[in-house]
Amino acid sequence: MRRNACILALLWVTAAAEDCGVPVDRINDDYCDSPDGCDEPNTSACSTVAAARRFECPDEGSGTTLIPASRIGDGVCDCCDGSDEVSGCEDDCEARRSQAREKEEAERAAEAAGVAARKDMACAAKRGREVARRQLAASERDLDGMQAKIDAAREKRDAARAEADELRDAAAAKEMYK
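Calculation criteria
Residues numbered from 1 in each chain as written. Predicted model: local features only at pLDDT ≥ 70, side-chain atom pairs only at ≥ 80, totals over all residues. Heavy atoms only, no water. Disulfide = S-S within 2.5 Å. Helix = DSSP H or I, 4+ residues; strand = E, 2+ residues; numbered from the N terminus. Buried < 20%, exposed > 50% of the residue type's maximum accessible area, 1.4 Å probe, protein only. Pairing = 2+ DSSP bridges.

Visitor: It is not clear to me how the state of the cysteines should be interpreted in this structure. Could you clarify?
Guide: Working definition of a disulfide: a covalent bond connecting the sulfur atoms of two cysteines. Applying the stated criterion to the full structure yields two disulfides. Across the disulfide from Cys57 sits Cys79; the S-S distance is 1.8 Å. Taking the torsion about the S-S bond as the criterion, the Cys57 to Cys79 disulfide, at about -60°, is left-handed. With a gap of 22 residues between them, Cys57 in strand E1 (residues 54-57) and Cys79 in the loop between strand E2 (65-68) and helix H2 (93-176) connect regions that are remote in the sequence. The same class applies to Cys57 and to Cys79, which are both buried. Paired through a disulfide, Cys80 and Cys93 show a sulfur-sulfur distance of 1.9 Å. Taking the sign of the S-S torsion, about 85° here, the bridge from Cys80 to Cys93 comes out right-handed. Of the two residues, Cys80 is situated in the loop between E2 and H2 and Cys93 in helix H2; the sequence distance between them amounts to 13 residues. There is no split in this pair, since Cys80 and Cys93 are both buried.

Visitor: Whenever I open this one, the environment of Thr64 confuses me. Can you help?
Guide: As for its position among the elements, Thr64 is in the loop between E1 and E2. We classify Thr64 as partly exposed; its relative accessible area is 46%. Placed 15 residues apart in sequence, Thr64 and Cys79 show a C-alpha to C-alpha distance of 9.8 Å.

Visitor: Please explain the pairing of E1 as it appears in this structure.
Guide: Remark: a regular strand shows side chains that alternate across the two faces of the sheet. Burial along E1 is one-sided: the residues Phe55 and Cys57 are buried and none of Arg54 and Glu56 is. Bridge analysis of E1 against E2 gives four bridges, and the strand direction is antiparallel. Of the residues in E2, the one forming a bridge with Cys57 is Thr65.

Right, here's the structure in full:
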């Protein structure tokens with residue numbers, strides 16, 4: 001079955017090349033003879049020209065993979081089921097799908113962990129703001145209490161100065177009248 005798929009892939013490419021209008025002996029000769037690159041579907045000679053020509057590989061877990069037609073039959077298995085090679089390759093589509101699922105699950109877990117961490121940080125910040133507000137209120141009360149003590153001390157100082165001035169004036173007056 002897989003070998004048939006590979007042969008069909010190569011027939012797809014060859015049929016596309018035959019509609020190209022280039023003589024058959026110039027198809028896949030490693031020289032780009034046509035302006036659209038249709039004569040080199042199995043080589044990389046027209047890879048920049050024929051970039052729009054793609055071969056569809058089966059779903060590997062992250063969607064269908066499109067490979068350039070020049071990679072069909074090049075000895076390198078680009079498709080997970082080997083459908084791009086006549087010799088075929090080991091079918092590792094399920095392994096690739098499994099890897100893609102594991103990657104998606106890991107990404108979802110990382111996202112969930114990030115959301116939970118953000119929520120924890122937001123709660124910690126809210127608690128921190130409340131603590132800071134209480135500390136500020138306590139400091140303002142302490143400051144008000146200290147200000148009252150400072151005012152009382154100033155009044156006491158002013159009263160002591162006034163009394164000292166009165167005593168000095170009284171002593172000076174006594175000295176004068178002696």
